[in-house]
2 protein chains.
Amino acid sequence: MQIKKINHAAIVVDNIDRALEFWRDALGLELAELREVPAEAARVAFLPVGDSEIELVQPVTTDSGMAKFLEKRGAGLHHICLEVADIEAAMEQLKARGARLINEKPLTGADGRRYAFIHPQSATGVLVELYETAG
Amino acid sequence: MQIKKINHAAIVVDNIDRALEFWRDALGLELAELREVPAEAARVAFLPVGDSEIELVQPVTTDSGMAKFLEKRGAGLHHICLEVADIEAAMEQLKARGARLINEKPLTGADGRRYAFIHPQSATGVLVELYETAG
């Protein structure tokens, strides 16, 4: 499969406004968008950097995976997302090569794009998201 | 300051050869280089992805920061590195805006390039490296 690029690095935070004091105000990244993402029970800030993004994710419930991560480990890097052209081919290749996936089939986001997660146990402790983009 | 891009995401691993079984063999990233980095007391694998890299770092001593991270938290995402055109300007801006730096002055790597780390306490729990590249 072809991995095109790092789409984003996701950082779980407990307060997105305070997080922006560092990532936007001190570091100087541009805040492209800040929106509620009900499917992820989170508020997400999108800050482009080069050909990728930093995403700041603030859980808005206590029972999501990210909320539990935040409670257990505190704020910090949560996952990295890699762009692929064909997510089903990518998932088949990974399964054939012994990697464990969290999702058996691709999930579909509110914007129609498809994504899936590889289990950290297969990926040296890193939660890896695959994200399909056309072309 | 201008942040150009994500230079790399660094992943600390306990065994780089086993780590490559996922990142290179299952996922399909290219291994561009695998080398000893005495200054970091580590073996490092460089796997380009788009305009960035995944770096797999295996500590070769037990007393480095990454070795302690590995012992305490296990393998996983360790830091992200952002490219800047002028590292001293970047560090001055961050200090002026209240961010805490780990390094008071830029460090110089074996290849002559300059870098510095921002303290995770200032950066929502994320260890952020700044890395100066020309142009």
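Note that this is a predicted model, so its numbers are computed, not measured. (Residues numbered from 1 in each chain as written. Chains lettered and ligands numbered in written order. Predicted model: local features only at pLDDT ≥ 70, side-chain atom pairs only at ≥ 80, totals over all residues. Heavy atoms only, no water.)

1. A few points about the sheet that holds strand 2 (residues 33-37) of chain A
Residues and elements named next belong to chain A.
- The eight strands are arranged 2-3-4-1-5-8-7-6 in an open sheet whose pairing can be described as mixed. Sheet topology places strand 2 and strand 6 (107-108) at the edges, where each strand pairs with a single neighbour.
- Here helix 1 (residues 16-26) sits on the sheet and contacts strand 1 (3-12), strand 2, strand 3 (42-49) and strand 4 (52-59); the angle it forms with strand 3, its principal contact strand, is near 10°. (Pairing = 2+ DSSP bridges. Helix = DSSP H or I, 4+ residues; strand = E, 2+ residues; numbered from the N terminus. Contact = heavy atoms within 4.5 Å. Axes fitted to C-alpha atoms, helices over the stretch in contact; angles between N-to-C directions.)

2. Re the nonpolar core
- Of all hydrophobic cores here, the largest spans 68 residues; its most connected members are W23, I54 and L56 of chain A together with W23, I54 and L56 of chain B.
- When neighbours within four sequence positions are excluded, I54 of chain A is seen to be in contact with A9, I11, W23, L29, A45, F46, L47 and V49 of chain A together with I6 and I80 of chain B. (Core = buried A, V, L, I, M, F, W, Y, C linked by side-chain atoms within 4.5 Å. Buried < 20%, exposed > 50% of the residue type's maximum accessible area, 1.4 Å probe, protein only.)

3. Let's talk about the pairing of strand 1 of chain A
Residue and element names in this part refer to chain A.
- Among the ten residues of strand 1, ten are classified as buried, and the element is accordingly described as predominantly covered.
- Pairing of strand 1 with strand 5 (residues 76-84) involves eight bridges; the strand directions are antiparallel. Bridge pairing links A9 to I80 in strand 5.

4. Side note on the relation of the copies chain B and chain A
- It takes a turn of 180° to lay chain B on chain A, together with a shift of 0.0 Å along the axis; the resulting RMSD is 0.0 Å. Seen this way, the second copy is the image of the first under a two-fold rotation axis.
- A shared binding surface is used by both copies, with 100% of the interface residues of chain B retained as interface residues in chain A. (Least-squares fit on C-alpha atoms with pLDDT ≥ 70 in both.)

5. Topic: the packing of aromatic side chains
- Within this structure, the stated rule accounts for four aromatic pairs over all chains.
- Here F22 of chain A and W23 of chain A contribute two aromatic rings whose centre-to-centre distance is 4.9 Å and whose plane-to-plane angle is 85°, an arrangement assigned as edge-to-face.
- Residue classification places W23 of chain A among the buried positions, given a relative accessible area of 0%.
- Note on Y115 of chain B and F117 of chain B: the rings are 6.2 Å apart at their centroids and 90° apart in plane angle, and the pair reads as edge-to-face. F117 of chain B matches Y115 of chain B in its accessibility class, with the two residues each being buried. (Phe/Tyr/Trp six-rings, centres within 6.5 Å; stacked < 30°, edge-to-face > 60°.)

6. A word on the interface of chain B and chain A
- On the chain A side, the residues contacting the 40 residues of chain B number 40 residues.
- Summed over both partners, the interface of chain B with chain A comes to about 3100 Å²; 73% of that surface belongs to carbon and sulfur atoms.
- Its largest share of buried area at the contact with chain A, chain B owes to L27, L77 and T124 of chain B, together 20% of the area lost on that side.
- For the pair chain B and chain A, the interface holds zero salt bridges.
- The set of elements that each furnish at least two residues to the side of chain B that touches chain A consists of strand 1 (3-12), helix 1 (16-26), strand 4 (52-59), strand 5 (76-84), helix 3 (87-96) and strand 8 (128-132) of chain B.
- Among the elements that make up the side of chain B that touches chain A, the one with the highest residue count is strand 5 of chain B (six residues).
- Considering only residue class, the side of chain B that touches chain A consists of 24 nonpolar, ten polar and six charged. (Buried area = accessible area lost by both parts, 1.4 Å probe. Salt bridge = Lys/Arg side-chain N within 4 Å of Asp/Glu carboxyl O. Nonpolar A, V, L, I, M, F, W, Y, C, P; charged D, E, K, R; others polar.)

7. Brief notes about the pattern of salt bridges
All names here are of chain A.
- Taken as a whole, this structure holds 22 salt bridges over all chains when the rule is applied.
- Between R43 and D17 there is a salt bridge whose closest N-O contact spans 3.7 Å. Linking R43 in strand 3 with D17 in helix 1, this pair joins segments that are 26 residues apart in sequence.
- For the salt bridge of E33 with R35, the shortest nitrogen-to-oxygen distance reads 2.9 Å.
- Judged by its relative accessible area of 34%, E33 is partly exposed.
- The class for R35 is partly exposed, based on a relative accessible area of 35%.
- Each member of the salt-bridge network shares a partner with another, and the members are K5, D51 and E83.

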